[in-house]
Amino acid sequence: MFLSSITKNGTTKVSGKITMTNEDASRCGSCGAKATLKCTACGTVYYCSKEHQKKHWKVHKKECLPYSEENGPQQGRYLVASRDIPAGHLIFKEKPLAIGPPSSSKAICLGCHSPITSPDYPKCPRCFWPLCSPECANSILHIPECKYLSTDENSHGPPKSIDETPRYDVVLLLRCLALRNIKPDAWKIIEKMVSHSEKYEKEKEPFHMTSVTYITEFLKDVCDVQTAHHVRGAIITNAINTRGPQGQTIRGLYSKIYLLNHSCVPNVTLRADVYSTLYIHAAKVIKKGDPLVFSYVTSAAPLWQRQEELKCIYNFLCKCQRCTDPTELGTHFSNPLCSKCKRGFLEPAENYQHPWTCSDCGESKDLEHIIKVDDEILDEITKSCTSFRDSSAMLQTVLKSYHPKHYVWLRIAQTILGKFSNENDTESLTLRKDIWQQVLLLFFKIEPGLTRRRGVSLFHAACLESEIFKQGETTGKLSPQEQLVAVTKILYLLESAHEIMSLEPPNSVEQRWLRLVNEEISKMKTIREKLEERH
Ligand SMILES: C[S@@+](CC[C@H](N)C(=O)[O-])C[C@H]1O[C@@H](n2cnc3c(N)ncnc32)[C@H](O)[C@@H]1O
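Residues numbered from 1 in each chain as written. Predicted model: local features only at pLDDT ≥ 70, side-chain atom pairs only at ≥ 80, totals over all residues. Heavy atoms only, no water.

How should the overall build of the chain be read in this particular structure?
Counting its secondary structure elements, the chain contains 16 helices and 20 strands. In terms of overall dimensions, the chain has C-alpha extents of about 75 × 65 × 60 Å along its principal axes. Burial analysis of the chain (535 residues in total) assigns 50% to the buried set. Averaging the coordinates of the 70 positive side-chain charges in the chain and doing the same for the 61 negative ones gives two points 6 Å apart. (Helix = DSSP H or I, 4+ residues; strand = E, 2+ residues; numbered from the N terminus. Buried < 20%, exposed > 50% of the residue type's maximum accessible area, 1.4 Å probe, protein only. Lys, Arg positive; Asp, Glu negative; His and termini not counted. Charge placed at Lys NZ, Arg CZ, Asp CG, Glu CD.)

And the structure:
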């Protein structure tokens, strides 16, 4: 028959685009009869025969998703590209199953998620939690948790001020639990999520325990302790942070996005609109069979910081291409120069915590020592960053102890760029532009492709080039030919930034970047036209 090989998750591949499934029989997408074959590419549509699959392809190809779900012993379930996906392609977008404030938040309205800034905020008449207006007490968003929160007879839960507090952690937890009755299908997905709750329970992690104790001991009839541990763990492991219209942080759980596994060399990007709909794009060309991965932690953190966070929150050791290469893809992002021979770099063995050994002379140091030296240097330089010229001289000094793509260099570079963004003499502009270009080269390695970080860096580099061009134009230092070359370079940078920024979803806070890039592009095009006319 069609059978040729067995895949990891117990399905049997056939030539072409169809798979035998040993799941319960479903209905044929073409005729509605009982079906035991399913589309291999997306795994969502079933067929009773190969012929009916062929017949249905005209309709299905418009909806056939470019990914499918797989399962592995180490990494659990994950999504895999079922065909080659071009860079920038919108792989899918998804609305949240449930949204709520992050685990720790300043006062935020539970009816509409607006930040609350006045200490005289209105309170919900039933549960006494802060709102932005009395009308929000009856918002659809607030009703589900209000039912539970209002059983807190002694008002242990409501925040007592507008300051940041972890009390908001329970809100999303209760909204998820409310789905058991409101949306049972969504609840089934949450039940299946990885939660690592045994770990949180065993370690008695204080934030976890406080929320679980509150909803099981102070509120009536919410759920049993095991369910509370699971849901709280599932939120911590799977929720994604987004931003509301006023820039406020909100977190949400999603029905497919949670299946994206982690890599420190991501190939997809997540972008959100203000309604927390997430857009998943290919950051670069993704080959058929590649897992779809994004980074759970910031790519700008050194190896040990990324690994500790992944272990502590997500309970695994990352074995991605970047983490297993002792030079982190040739960047030496976490490797200091050996202080003994000054030729080699200190590199970790398989376990990042083992003594780090010089690649040239074999000298070794403990991770603790490396972190201490990095912290001291960062502290000293950040404190003495008082003038732009001194700071950029320090950036050069740092290169005596670190590679130009090391994270200590990056942190100092970012501090300088932030602190001296208004220094506009030609020398400072040129130095800042050079720093941005080095930052860009680094991100090209650690956050490659169509990522927002690269888009923003390209835009900043273009704006500095543009400022230098304008000063050269005013002082008459540039010949018409040199002007044309400079404008062409600026337009190239801006158009590269545009390619990335155009992936920002409609109704997103980040659309402002796209507007800025578009404005600069049209200004530069007008200048180029005038120059070409003169030429
Ligand atoms: C958001 S979930 C991803 C989906 C998950 N694999 C599942 O089966 O539901 C995050 C969890 O997946 C696992 N995971 C994600 N990326 C991994 C990786 N690169 N290596 C090992 N485990 C990984 C970890 O258990 C992590 O806590």
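This is not the end of the story, as more comes after the structure.
Whenever I open this one, the site of the ligand confuses me. Can you help?
Around the ligand lies a shell of 15 residues, among which Gln75, Arg77, His196, His262 and Tyr314 are the nearest. Contacts to the ligand include Gln75, whose backbone N or O atom sits 2.8 Å from a nitrogen atom. Backbone polar atom of Arg77 to a nitrogen atom of the ligand: 2.7 Å apart, as the coordinates give it. Considering the ligand on its own, with 560 Å² of exposed area, one finds that the protein chains cover 89% of that surface. Elements with a contribution of two residues or more to the shell around the ligand: strand E9 (76-81), helix H7 (225-238) and strand E14 (261-262). Across the shell around the ligand, the residue classes break down as six nonpolar, eight polar and one charged. (Near = heavy atom within 4 Å. Polar contact = N/O pair within 3.5 Å; in protein donor to acceptor, adjacent residues only side chain to side chain. Areas by Shrake-Rupley, 256 points an atom, 1.4 Å probe, with all protein chains shown as cover. Nonpolar A, V, L, I, M, F, W, Y, C, P; charged D, E, K, R; others polar.)

Explain the side chain of Arg306 to me, please; I cannot follow it from the model alone.
Positionally, Arg306 belongs in helix H8 (residues 303-314). For Arg306, a relative accessible area of 1% puts it in the buried group. Residue contacts for Arg306: discarding those within four places in its chain leaves Cys264, Val297, Thr298, Ala301, Arg322, Cys323, Glu328 and Phe333. (Contact = heavy atoms within 4.5 Å.)

I keep staring at the UniProt feature "domain: MYND-type" (unreviewed entry) in the chain and nothing clicks. Help me out?
Per the UniProt record, the feature "domain: MYND-type" (unreviewed entry) sits at residues 28-64. Helix makes up 30% of residues 28-64 and strand makes up 19%, while its end C-alpha atoms are separated by 15 Å. (UniProt positions renumbered as here; feature names shortened; annotations may be inferred.)

Would you explain H8 in this entry?
Helical geometry: 3.6 residues make up each α-helical turn, so side chains three or four residues apart lie on a common side. The first and last C-alpha atoms of H8 sit 16 Å apart over twelve residues, in line with the 16 Å expected at 1.5 Å per residue. All of the buried residues along H8 are Leu303, Trp304, Arg306, Gln307, Leu310 and Tyr314. Along the axis of H8, the buried residues cluster in a sector spanning 165°; they form a single face. Asn315 lies just past H8 and shows a positive phi near 65°. (Expected span 1.5 Å × (residues − 1). Arc of directions from axis to C-beta.)

Help me understand the side chain of Ser276 in this model?
Topologically, Ser276 is positioned in the loop between strand E15 (268-272) and strand E16 (278-282). Among the polar contacts listed, one links the side chain of Ser276 to the side chain of Thr242, at a separation of 2.9 Å. When neighbours within four sequence positions are excluded, Ser276 is seen to be in contact with Glu94, Pro96, Ile99, Thr242, Ile250 and Tyr254.

Teacher, can you tell me more about unusual backbone geometry here?
The bulk of non-glycine residues show a negative phi, and the bulk of peptide bonds are trans. Of note, Asn315 is a non-glycine position whose phi angle comes to about 65°, a positive value. The residue Asn315 is located in the loop between H8 and helix H9 (321-324) in this model. In this structure, Lys342 takes a positive phi of about 60° despite not being glycine. Position of Lys342 among the secondary structure elements: in the loop between H9 and strand E18 (346-347). When its relative accessible area of 48% is taken as the criterion, Lys342 is described as partly exposed.

Explanation requested: the packing of helix H13 (residues 426-446) against helix H14 (residues 452-475) in the structure shown.
To describe two helices that pack against each other, one gives the angle between their axes and the distance between the axes. Axis separation between H13 and H14 bottoms out at 9 Å; the angle between their running directions is 155°. By the angle class used here, H13 and H14 are roughly antiparallel. Relative to H14, H13 is oriented so that their crossing is left-handed. Contacts between H13 and H14 involve Thr426, Leu429, Thr430, Arg432, Lys433, Trp436, Gln437, Val439, Leu440, Phe443 and Phe444 from the first element and Arg453, Arg454, Ser457, Leu458, His460, Ala461, Leu464, Glu465, Glu467, Ile468 and Gln471 from the second. Residues that form the contact of H13 with H14 fall into these classes: ten nonpolar, six polar and six charged. (Axes fitted to C-alpha atoms, helices over the stretch in contact; angles between N-to-C directions. Parallel < 35°, antiparallel > 145°, perpendicular 65-115°, else oblique. Left-handed = near helix turned anticlockwise from the far one by under 90°.)

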